[in-house]
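Now for the letters of each chain:
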Amino acid sequence: MNAGKAVRVRDLMATDIRSVDGMATVADAISMMKEHGVSSLAVNRRDEDDEIGLVLISDIASKVTVPDRSPDRVNVYEIMSKPAITVSEEMLARYAIRLLVRFDISRAMVLDAGRNPVGIVTLRDLVLGEHTE
């Protein structure tokens, strides 16, 4: 383990977040994922009181591809996870790992103190980053 310095989520997160509107079609989301080489997209809030959503490749596979629904006729809001599990950029990596494992999820949105998305962190990022020497 990393005994010297406390590893925080901000040290391990990816800051290149791609987002999509909930009203976009799944076909639009697939195009964005292909274009940017990502497997998840943040789903924008509708207003200040709303929460961030998250749509993953696995959501598209299980809720669109497998049931043979047309990606052009399904909106992102129909298949996304909302509210998305979020973590603070200040959270220690070990606690973020525990949270993701507890909820059996592969990634979380990272928020700053003002609840603004600043990154995304995966369980892979956290585990490998926590165990660097």
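Here is a short report on the structure shown in this document.

Conventions we followed
Residues numbered from 1 in each chain as written. Predicted model: local features only at pLDDT ≥ 70, side-chain atom pairs only at ≥ 80, totals over all residues. Heavy atoms only, no water. Helix = DSSP H or I, 4+ residues; strand = E, 2+ residues; numbered from the N terminus. Buried < 20%, exposed > 50% of the residue type's maximum accessible area, 1.4 Å probe, protein only. Polar contact = N/O pair within 3.5 Å; in protein donor to acceptor, adjacent residues only side chain to side chain. Pairing = 2+ DSSP bridges. Contact = heavy atoms within 4.5 Å. Axes fitted to C-alpha atoms, helices over the stretch in contact; angles between N-to-C directions.

**What to know about the side chain of Asp50**
Relative to the assigned elements, Asp50 resides in the loop between β2 (40-43) and β3 (53-56). Of the residues examined, Asp50 reaches a relative accessible area of 8% and is grouped as buried. Only 2.9 Å separates the side chain of Asp50 from the backbone nitrogen of Arg46, close enough to count as a polar contact.

**Description of the sheet that holds strand β1 (residues 19-20)**
Taking strand neighbours across the sheet as the criterion, the three strands line up as β1-β2-β3 in an open arrangement whose pairing is mixed. Both edges of this open sheet fall to β1 and β3, since each of them pairs with a single strand only. Bridge analysis of β2 against β3 gives four bridges, and the strand direction is antiparallel. When the sheet's bridge partners are listed, Leu41 is paired in β3 with Val55. Relative to β2, helix α2 (residues 26-36) is tilted by about 125°, and along the sheet it contacts β1, β2 and β3.

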